[in-house]
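Take a look at the letters that make up each chain.
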Amino acid sequence: MRRILYTGTKNASSWAFRAWLAMRELGIQFEERVVDIRKPQRFENLRRIGEISPSTSVPVLVDGDNIIFDSLAIMEYANEIGGDALLPAEPLARARVRSFLSWQHAGLSGLCPRLSFESAFYPNKREMTSDEHKDTERLFSVWESELKSSGGPYLCGELSLADLVLVPTVIRIYSHSPQLNTWPLTHQWIVKLLARECVEEWVSQARSLPPVILDNY
Ligand SMILES: N[C@@H](CCC(=O)N[C@@H](CS)C(=O)NCC(=O)O)C(=O)O
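Residues numbered from 1 in each chain as written. Predicted model: local features only at pLDDT ≥ 70, side-chain atom pairs only at ≥ 80, totals over all residues. Heavy atoms only, no water.

**Regarding the site of the ligand**
Phase 1 of the analysis: Around the ligand sit Ser-13, Trp-15, Ile-37, Arg-42, Leu-46, Ser-57, Val-58, Pro-59, Asp-70, Ser-71 and His-105, and those are all the residues in its vicinity.
Phase 2 of the analysis: Arg-42 places a side-chain nitrogen or oxygen 3.4 Å from a nitrogen atom of the ligand.
Phase 3 of the analysis: Here the ligand loses 72% of its free accessible area of 500 Å² to cover by the protein chains.
Phase 4 of the analysis: Split by residue class, the shell around the ligand holds five nonpolar, four polar and two charged. (Near = heavy atom within 4 Å. Polar contact = N/O pair within 3.5 Å; in protein donor to acceptor, adjacent residues only side chain to side chain. Areas by Shrake-Rupley, 256 points an atom, 1.4 Å probe, with all protein chains shown as cover. Nonpolar A, V, L, I, M, F, W, Y, C, P; charged D, E, K, R; others polar.)

Listed below in structure tokens is the structure:
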């Protein structure tokens, strides 16, 4: 069946990144169409996406005659058609992974709107604010204790949707050079996650684009 994944500008589209990453990690074949979501063309391009997608946003997966129009739904669907490789077998372990997925999908800590995905690719980074440091440290301690109890090397043991959904957040934070001495397992996990071939592929394309400078940085 023919599958088309509409993604977004690589240095500006964290939601599309998540869906793309799940599809790629699971080895699912698809044609990618990158929607330029930079202003001013963003509005016309997303209006066109609205002709096929109720949410008028990217990512959108067109699978035959079907439209899957949300990153979380695409990640879950990719996992289902990709042999269930990115969720553990045991129900409670699956629920744990899904808790991380849902937490990120619901906005996580409020850090993401303040520290944009776009800013990860700025040549000159500002210092994180004290609130951003607090949020980051809270996330690091959650991740550290999860890694400790799962035994790693990924958040809930083997690589799962929980790791993939967090990649854009990890990139936002890590690119702003946080202090990680207190969270060695988290540091190792971040380095391992960012070294994955698919992650590197998206990030190197994102780095090759002109930065998308937002006013509120
Ligand atoms: N909840 C949606 C959010 C998607 C989203 O906000 N995508 C951005 C690009 S990364 C977008 O297309 N925004 C346009 C808009 O919402 O008007 C998902 O997870 O797919």
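Once you've had a look at it, read on.
**Side note on the sheet that holds strand E2 (residues 31-35)**
Phase 1 of the analysis: The strand order across the open sheet formed by four strands is E2-E1-E3-E4, and the pairing between neighbours is mixed. Strands with a single pairing partner mark the edges of an open sheet, and in this sheet they are E2 and strand E4 (66-68). Pairwise comparison of adjacent strand axes, ignoring direction, gives a mean angle of 20 degrees for this sheet.
Phase 2 of the analysis: Bridge analysis of strand E3 (residues 60-63) against E4 gives three bridges, and the strand direction is antiparallel. The residue bridging Leu-61 from the neighbouring strand is Ile-68, located in E4. (Pairing = 2+ DSSP bridges. Helix = DSSP H or I, 4+ residues; strand = E, 2+ residues; numbered from the N terminus. Axes fitted to C-alpha atoms, helices over the stretch in contact; angles between N-to-C directions.)

**A few points about helix H4 (residues 91-105)**
Phase 1 of the analysis: With 15 residues, H4 ought to run about 21 Å at 1.5 Å a step, and its terminal C-alpha atoms sit 20 Å apart, in line with that.
Phase 2 of the analysis: Residues of H4 that are buried make contact with helix H1 (14-25), helix H3 (71-81), helix H5 (111-114), helix H6 (130-150) and helix H7 (161-174).
Phase 3 of the analysis: One or two positions beyond H4, positive phi appears at Gly-107, with a value near 115 degrees. (Expected span 1.5 Å × (residues − 1). Contact = heavy atoms within 4.5 Å.)

**Here we look at the pairing of E3**
Phase 1 of the analysis: Here E3 shows a buried face lined by Val-60 and Val-62 and a second buried face lined by Leu-61 and Asp-63.
Phase 2 of the analysis: Alignment of strand E1 (residues 3-8) against E3, held across four bridges, turns out to be antiparallel. Of the residues in E3, the one forming a bridge with Leu-5 is Leu-61. (Buried < 20%, exposed > 50% of the residue type's maximum accessible area, 1.4 Å probe, protein only.)

**Quick notes on the side chain of Lys-10**
Phase 1 of the analysis: Position of Lys-10 relative to the elements: it lies in the loop between E1 and H1.
Phase 2 of the analysis: Among the polar contacts made by the side chain of Lys-10, one reaches the side chain of Glu-32 at a distance of 2.7 Å.
Phase 3 of the analysis: Contacts of Lys-10, omitting those with residues within four sequence positions, involve Glu-32, Val-34, Phe-117, Trp-202, Gln-205, Ala-206 and Leu-209.

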